[in-house]
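Below, each chain spelled out in residue letters.
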Amino acid sequence: MRRLKGILRLLLGLLFIGAGLNHFLQPAFYLRAMPPYLPWHREAVLLSGVAEIFLGGLLLIQRTTSLAAGGLVALLVAVFPANVHMALHPTEFPEFPPVTLWVRLPLQAGLIAWALWYTSPHRKQAM
């Protein structure tokens, strides 16, 4: 189980690094996802991209796993309004079937649970 958890930690870190890089490769998509009531759309998109890359990288370092995982949980909560905005305004995202936009919401809860798995240091189990 310990090996599987380590592999999944690396996968999660790489997933966030890739997602963060995508903020710089496809910024228009993330700008469309920003709810209109939030200020500084461009800055928020860039900052969230930097945070995803940074925290994903920290997750790859075993010493900083717990810190990175806590940061990712906070980040996932912070970007949740953008995902809700997308689900509530499917016509602004014609490249996705509307059901996909709604399915993303509980999937984000799954990502939060995945990151929470790494928030406490590994403890050796007694035999």
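Residues numbered from 1 in each chain as written. Predicted model: local features only at pLDDT ≥ 70, side-chain atom pairs only at ≥ 80, totals over all residues. Heavy atoms only, no water.

Q: Requested: an account of the layout of surface pockets, with residues and values cited.
A: Any empty space left between the atoms is revealed when a probe the size of a water molecule rolls over them. Taken as a whole, the largest pocket encloses approximately 840 Å³ of empty space. Put simply, the parts of the chain that give the lining of the largest pocket at least two residues each are helix 1 (2–25), helix 2 (27–33), helix 3 (41–59), helix 4 (65–88) and helix 5 (98–116). At eight residues, the largest contribution of residues to the lining of the largest pocket is made by helix 4. For the lining of the largest pocket, the per-class residue count stands at 24 nonpolar, four polar and two charged. (1 Å grid on protein atoms, 1.4 Å probe; cavity = no way out; pocket = protein on both sides within 12 Å on 5 of 7 lines; lining within 4 Å. Points joined across faces, edges and corners; volume = space filled by probe spheres on them. Helix = DSSP H or I, 4+ residues; strand = E, 2+ residues; numbered from the N terminus. Nonpolar A, V, L, I, M, F, W, Y, C, P; charged D, E, K, R; others polar.)

Q: Tell me what's going on with helix 4, and back it up with residues and numbers.
A: Here helix 4 spans 34 Å end to end across 24 residues, near enough to the 34 Å set by a 1.5 Å rise per residue. Along its length, helix 4 reaches its greatest deviation from straightness, about 35 degrees, at Val79, and the proline Pro81 lies no more than four positions downstream. Among all positions of helix 4, only Thr65, Ala68, Ala69, Leu72, Val73, Leu75, Leu76, Ala82, Asn83, His85, Met86 and Ala87 are buried. Against the buried residues of helix 4 lie helix 1, helix 2, helix 3 and helix 5. (Expected span 1.5 Å × (residues − 1). Bend = angle between axes of the 7 residues up to and from the residue. Buried < 20%, exposed > 50% of the residue type's maximum accessible area, 1.4 Å probe, protein only. Contact = heavy atoms within 4.5 Å.)

Q: Can you break down the pattern of salt bridges residue by residue, with the values?
A: Inspection of every chain in the model, using the stated rule, returns one salt bridge. For Glu95, the salt bridge is made with Arg32, and the minimal N-O distance between the two is 2.5 Å. Residue Glu95 is found in the loop between helix 4 and helix 5, and its partner Arg32 is found in helix 2; the two are separated by 63 residues along the sequence. The exposure class assigned to Glu95 is partly exposed, which follows from its relative accessible area of 42%. A residue is classified by how much of its surface remains accessible, and Arg32, at 33% relative accessible area, is partly exposed. (Salt bridge = Lys/Arg side-chain N within 4 Å of Asp/Glu carboxyl O.)

Q: Account for the packing of aromatic side chains, with residues named and values stated.
A: Applying the stated rule across the entire model yields four aromatic pairs. Look at Phe29 and Phe93: their rings are 6.3 Å apart centre to centre, the planes differ by 70 degrees, and that puts the pair in the edge-to-face class. Residue Phe29 is found in helix 2, and its partner Phe93 is found in the loop between helix 4 and helix 5; the two are separated by 64 residues along the sequence. The pair formed by Phe29 and Phe93 is uniform in burial state, with each residue classed as buried. Ring centres 5.9 Å apart and planes at 65 degrees place the aromatic pair Phe29 and Phe96 in the edge-to-face group. Highlighted residues: Phe29 in helix 2 and Phe96 in the loop between helix 4 and helix 5, separated in sequence by 67 residues. A relative accessible area of 28% places Phe96 in the partly exposed class. An aromatic cluster of at least three residues, connected via ring pairs, comprises Phe29, Tyr30, Phe93 and Phe96. (Phe/Tyr/Trp six-rings, centres within 6.5 Å; stacked < 30°, edge-to-face > 60°.)

Q: Which residues make up a nonpolar patch on the surface, and what values go with them?
A: Together, Leu10, Leu14, Leu60 and Ile61 give the surface a local cluster of nonpolar side chains, amounting to about 320 Å² of exposed area. Here Leu10 shows up in helix 1. Judged by relative accessible area, which is 37%, Leu10 ranks as partly exposed. (Patch = residues over 30% accessible without salt bridge, like charges linked within 9 Å, V, L, I, M, F, W, Y side chains within 5 Å. Areas by Shrake-Rupley, 256 points an atom, 1.4 Å probe, with all protein chains shown as cover.)

Q: Residues and numbers for unusual backbone geometry, please.
A: One non-glycine residue, Trp40, lies in the positive phi region at around 50 degrees. Mapped onto the fold, Trp40 is located in the loop between helix 2 and helix 3.

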